[in-house]
Amino acid sequence: MAEGDFPLALCRFLFSISIKLIEGKIMDIMIILQLIVLLGAIYIGVRLGGIGIGYAGGAGVLVLGLCLGMKPGNIPWDVIMIIGSVIAAISAMQLAGGLEYLVYIAEKILYKNPKYINYLAPIVTYVLTIFAGTGHTAFSMIPVIVEVAKGENIRPSVPLSMSVVSSQVAITASPVSAAAIFMTGALEPFGWSYPTLLGIWILTTFVGCMLTAFIMTHISKLDLSSDPIYQERLKEGLVKPPVGLQEMVITPTAKLSVWIFLVGVLCVVAYASAISPAVGLIKPVVVPRDAAIISLMLAVGALITIFCKIKLGDVAGTSVFKSGMVACICVLGVAWLGDTFVSGHTKEIKDFASHTISQYPALLAIVFFLASMLLYSQAATAKGITPTVIAALGITTANPDNSYMLVACFAAVSGIFVLPTYPTVLGAIQMDDTGTTRIGKWIFNHSFFLPGVLAVFISVALGFVVCGFI
């Protein structure tokens, strides 16, 4: 290099460095703006509540695409269709009186054993969710739990908080929930069979919820009469006295609809197990799992309609149908928003996962937990995070070793109780006329936070223990 060329070369070098620094700053600013849009849309959705979360999610996708140049992500049609078909079948069962019949059975269990409400209430909501695939069934049990707790001078906040959390955690173990169905489909190529996965998740989450109930029973103040807010509301006449178990007339169609739905759920489990690669009873698989579950649930709705003679025009007016359709729109909006952001930063997420989660597997549970807190859906969280984690950890059919992390941490997608705006959380707060179930001054210090964190933590810890044996 000639002596006169050195200053020119130096200038070119400094210029190239400056360009890279500017590009890096621009990229950093873009990421910050994209993150602001993501969190801002979720915040607005949470403030709006209900279906507003879906609305805000769709608006967030629009801003990310048109203003910040992000390609819209994939819409989780499979998750939405599974939720829709299951809700359609449950709505038919509700119209036939089957859901009311199930609630009546649960009421009898609680009223006959009121002293054990702290354990029986979460068991009831857990079983209902396992059976129905949605935590919204807990709505019908909230007034009963409040009644029984008041009758035993127990603060309703204790059994209520555990019951709501139990209904949310149980979604990860339900054979007909969209989250569990997606996760089993993602894990089966790596040697995990459908019945094995269900067995692990049912065992770990149920034990996790029961241990949480035991801990909360022994660390909580149970005496209702000593609660100052309850005494104030009692003086103001805002607390209704317990009325006891109300008898109901059980119709033949109510029982029949429950049996039809139960047989449908068993068919889902049997077929999904039979086509599982690890079981391999059905080969070749002509009807894949998602299509089978959707068609089976719709067939259940048809059978209930025919044999129980329900009026189809009234199905859309049931409370289950309304809440289910709201859930579909929420998943559509917020999961689409989350996938748009995640897809745009796949490389960064993969780098983090491959370097950090592979060394500290429990961090995956934290990622799942935080994501579900924002995405407001177990299914949306599993759908948005799992494929990226699989790719980042290098999990393949030839090298499936790290897949156990996903199995063990799956229960952590149940962090939707952290923000006290989820429907069942709000329902429990509003229906507890004693005022013991409440939101604290700091928003996060509400009645559901501690039992929720405990249930998720214990379930994940047990997941690692069980996977270690397997």
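Parameters and conventions
- Residues numbered from 1 in each chain as written.
- Predicted model: local features only at pLDDT ≥ 70, side-chain atom pairs only at ≥ 80, totals over all residues.
- Heavy atoms only, no water.
- UniProt positions renumbered as here; feature names shortened; annotations may be inferred.
- Disulfide = S-S within 2.5 Å.
- Buried < 20%, exposed > 50% of the residue type's maximum accessible area, 1.4 Å probe, protein only.
- Salt bridge = Lys/Arg side-chain N within 4 Å of Asp/Glu carboxyl O.
- Helix = DSSP H or I, 4+ residues; strand = E, 2+ residues; numbered from the N terminus.
- Domains from an automatic or database assignment.
- Contact = heavy atoms within 4.5 Å.
- Buried area = accessible area lost by both parts, 1.4 Å probe.
- Polar contact = N/O pair within 3.5 Å; in protein donor to acceptor, adjacent residues only side chain to side chain.

In the annotation of an unreviewed UniProt entry, the chain is listed under the name C4-dicarboxylate transporter and assigned to Parasutterella excrementihominis YIT 11859. Taken verbatim from the UniProt record of the chain, the Sequence similarities (unreviewed entry) comment is "Belongs to the DcuA/DcuB transporter (TC 2.A.13.1) family." According to the UniProt record, the Subcellular location (unreviewed entry) comment for the chain reads "Cell inner membrane".

*Asks:* I'm lost on the state of the cysteines in this one. Help?
*Replies:* Formally, a disulfide is one covalent bond, and it connects the sulfur atom of one cysteine to the sulfur atom of another. For the structure on display, the rule yields zero disulfides. Of the cysteine sulfurs around Cys328, a residue in no disulfide, the closest is that of Cys330, at 9.3 Å. Overall, the relative accessible area of 13% leaves Cys330 in the buried class.

*Asks:* Looking at this model, I keep getting lost on the pattern of salt bridges. Mind explaining?
*Replies:* Think of it this way: side chains of opposite charge can pair up when their charged atoms draw near. The full count for this structure, using the stated rule, is four salt bridges. Asp433 serves as the salt-bridge partner of Lys150, at 3.1 Å between the closest nitrogen and oxygen. With Lys150 in helix 6 (residues 142-151) and Asp433 in the loop between helix 18 (423-431) and helix 19 (449-469), this residue pair connects regions lying 283 residues apart in the sequence. There is no split in this pair, since Lys150 and Asp433 are both buried. Here Arg155 makes a salt bridge to Asp227, at a shortest N to O gap of 3.1 Å. With Arg155 in the loop between helix 6 and helix 7 (157-169) and Asp227 in the loop between helix 9 (194-219) and helix 10 (228-235), the pair connects residues that are 72 residues apart, well separated along the chain.

*Asks:* When you look at the domain arrangement of the chain in this model, what are you seeing that I'm missing?
*Replies:* How big an interface is tends to be stated in terms of accessible area lost as the parts join. Under the domain assignment, the chain is made up of domain 1 (23-72) and domain 2 (73-468). Each partner contributes to the interface: domain 1 provides 21 residues, whereas domain 2 provides 18 residues. When domain 1 packs against domain 2, close to 1700 Å² is buried across both sides, 85% of that on carbon and sulfur atoms. Across the contact surface, domain 1 and domain 2 share zero salt bridges. Our enumeration of links across domain 1 and domain 2 arrives at one residue pair in polar contact (both at pLDDT 80 or more). Secondary-structure elements contributing two or more residues to the side of domain 1 that touches domain 2 are helix 1 (5-48) and helix 2 (52-66).

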